[in-house]
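Below are the chains, spelled out letter by letter.
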Amino acid sequence: MRFESQPIRAFAITALSIVALPMACATDSAAVPVDTPAVRFAAQYVGEAWQVGGVPDRRSAWLDLLESSLTIDGARAFGAEGVTFKVAAQRNSGRPISDAIGSSAPLSSIEAPAASRVSEAWIEWAAADRGRSLKVGVMDLNDEFDSSEVGAAFVNSTFGLAIDVAQSGLTGPPTYPTDALGLRARVQRGEYRLQAAIFDGVPGDPREPVRPTLRWPANDGTLAVIEVGRDAASARWYLGAWRYSTALEPLRAAIDPAFRPVRGSSGGYALVERTWWANDVGGKLQTSLRVGRAAEKFNAIRDTVQFALRLDRPWQLEGESLGFAWSLQRHGGASRSVAAARGDTLIAHESVLEFTYRRPLGKRWVLQPDLQYFAAGWAAGLRIELDLSP
């Protein structure tokens, strides 16, 4: 791999060094809870029924996802203090439905081309005080970066990994459904943290996007990400930036062959989450506000704004939540020019409204009715989750 002298990559490599160098002389050891099993198996099934309306192509669909994982505590399994191993696999199926509504943000976070794949395979080392950690292997960018606690309650994918990041790259960033090889380092000092990572710049195979690969060809380039944040009891914030070293075709290359692949696809984001009210039985009211920007030369969506409001345990049921979320996406000038040249009409802005309610049924089942509104129509769905873990 070759890293060029760009600011984000330089910061990322510096942050990686902050963690990696102390590892060579680390002698601290962590106390292992006696009730922590050495090997943990987990599995979950998620199914969704959808109905799309308000558009000429009214349709319904069933989506599902089966996930399983095996996690090994290195300390309990073979005395490797602070080491964790994990491997996970998934199988999803169902008919894509977001194209019927004409939204750039997929209406479901599990919507993807049907396939079976290894989704994670990594090893992580963490210091005894959890102040430093290093992870390497196949991983999901959104598990490590730009992860909203409030947004996790919603179904539309843009409240997970926002579209300004999710649209990027040749085959997309390393996240569901195709993760990628990467190296992530984190430093935590009290409430503050700094983390950085370098990923394969082209997850999967461009010829077969749903097929994961464990290679890192030199011509793939890299995706570098850096994030700084604070995790306090009543408020949380983070700032992040990302950049590809991969040479990508500008959007205008679709109408003008003179535009050749170049480097420079990058972006940044910021998020603030706050707890406004909480009681002594787990109920709380939280809000989240996120903004993001991507280089419009390479990405159709230039700017995004997401706002979410979440009320936990509105009827005093553990695991229950009620939420409202809104997202605004603004198309860049390049994408509008390409659409105009093709004789298409591309609106400058598009938005998503989502209302959702999540309710556990016993210890293993969760039901989540969901309603979303788009510029072109609406979508109503029901998510069912089943915990299959032993």
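Residues numbered from 1 in each chain as written. Predicted model: local features only at pLDDT ≥ 70, side-chain atom pairs only at ≥ 80, totals over all residues. Heavy atoms only, no water.

What's the story with the confidence of the model for the protein chain in this structure? I'm lost.
For any part of a model where pLDDT is low, the fine detail of the predicted coordinates should not be relied upon. Averaged over the protein chain, the pLDDT score is 87; the fraction of residues at 70 or greater is 87%. Scored below 50 in pLDDT, residues 1-32 makes 59 contacts in the model with residues more than four places away or belonging to other chains. (pLDDT = per-residue confidence, 0-100. Contact = heavy atoms within 4.5 Å.)

Please explain the nonpolar core as it appears in this structure.
For soluble globular proteins, nonpolar side chains are generally found buried alongside one another. Counting residues in each nonpolar core, the largest one holds 17 residues, and the members touching the most others are Trp50, Val52, Ile97, Leu107, Phe374 and Ala379. When residues of this core are traced back to their parent elements, those giving at least two are strand E1 (39-53), strand E2 (59-73) and helix H3 (98-101). Look past the residues within four positions of Leu107 in its chain and what remains in contact with it is Trp50, Val52, Ile97, Ser98, Val155, Asn156, Gln372, Phe374 and Ala379. Listed in part, the 16 residues of the second largest apolar core include Met139, Tyr238, Tyr244 and Tyr269. (Core = buried A, V, L, I, M, F, W, Y, C linked by side-chain atoms within 4.5 Å. Buried < 20%, exposed > 50% of the residue type's maximum accessible area, 1.4 Å probe, protein only. Helix = DSSP H or I, 4+ residues; strand = E, 2+ residues; numbered from the N terminus.)

So what exactly am I meant to see when it comes to the pattern of salt bridges here?
Where charged atoms of side chains with opposite charge meet at close range, the side chains can pair. Under the defined criterion, the tally for this structure stands at 22 salt bridges. The shortest N-O distance in the salt bridge between Glu227 and Arg193 comes to 2.9 Å. Note that Glu227 is positioned in strand E8 (residues 222-231) and Arg193 in strand E7 (residues 192-200), a separation of 34 residues in sequence. Just as Glu227 is buried, Arg193 falls in that class too. Across the pair Arg193 and Asp231 runs a salt bridge whose closest N-O atoms are separated by 2.9 Å. (Salt bridge = Lys/Arg side-chain N within 4 Å of Asp/Glu carboxyl O.)

Is there a simple way to think about the pairing of strand E5 (residues 132-139) in this case?
Among the 8 residues of E5, 7 are classified as buried, and the element is accordingly described as predominantly covered. Across 6 bridges, the pairing between strand E4 (residues 115-126) and E5 is antiparallel. Within E5, the residue paired with Glu124 across the bridge is Lys135. Sheet topology places E5 next to strand E6 (residues 180-189); 8 bridges connect them, and they run antiparallel. Looking at the pairing, Ser133 lines up with Arg186 of E6. (Pairing = 2+ DSSP bridges.)

Help me out: how do you make sense of unusual backbone geometry in this one?
A cis amide bond links Tyr176 to the next residue, Pro177, at an omega of 10°. Relative to the helices and strands, Pro177 resides in the loop between helix H5 (163-166) and E6. A positive phi angle, close to 50°, is found at Asp146, a residue other than glycine. Note on placement: Asp146 falls in the loop between helix H4 (141-144) and H5. Although it is not a glycine, Gln316 adopts a positive phi angle of roughly 65°.

Would you mind going over the environment of Ile123 with me for this structure?
Among the secondary structure elements, Ile123 is positioned in strand E4. Take Ile123: its relative accessible area is 31%, and that puts it in the partly exposed class. Remark: the alpha-carbon pair of Ile123 and Gly137, spanning 14 residues in sequence, is separated by 6.5 Å. Excluding its chain neighbours within four sequence positions, the residues that come into contact with Ile123 are Val83, Thr84, Phe85, Leu134, Lys135 and Val136.

Is there a simple way to explain helix H6 (residues 333-341) in this structure?
Because each turn of an α-helix spans 3.6 residues, side chains separated by three or four positions in sequence point in the same direction. Residues of H6 that are buried: Ala334, Ser335, Val338 and Ala339. The arc that holds every buried residue of H6, seen down its axis, measures 135°, which confines them to one face. Those residues of H6 that are exposed and aimed more than 90 degrees away from the buried face are Ala340 and Ala341. If you follow the buried residues of H6, they end up packed against strand E13 (321-331). Just past H6, the residue Gly343 takes up positive phi, approximately 80°. (Arc of directions from axis to C-beta.)

Got a minute to help me understand the packing of aromatic side chains in this structure?
Here the distance between the centres and the angle between the planes together describe a pair of aromatic rings. Under the definition given, this model contains 7 aromatic pairs. Centroid distance Phe154 to Phe159: 5.7 Å. Interplanar angle 50°. Geometry classified as tilted. With respect to burial, Phe154 and Phe159 carry one shared label: buried. With centroids separated by 5.2 Å and ring planes inclined at 40°, the aromatic side chains of Phe324 and Phe355 adopt a geometry described as tilted. A residue pair is termed long-range when its members are at least 10 positions apart, and Phe324 in strand E13 and Phe355 in strand E14 (residues 349-361) qualify at 31 residues. With a relative accessible area of 27%, Phe324 lands in the partly exposed category. For Phe355, a relative accessible area of 38% translates into the label partly exposed. The rings of Phe324, Phe355 and Tyr373 are connected pair by pair, giving a single aromatic cluster. The side chain of Lys135 reaches across the aromatic face of Trp122, ending 3.9 Å from its centre. The lysine or arginine in question, Arg274, covers the ring of Trp276, its NZ or CZ lying 4.7 Å from the ring centre. (Phe/Tyr/Trp six-rings, centres within 6.5 Å; stacked < 30°, edge-to-face > 60°. Lys NZ or Arg CZ within 6 Å of the ring centre and 35° of its normal.)

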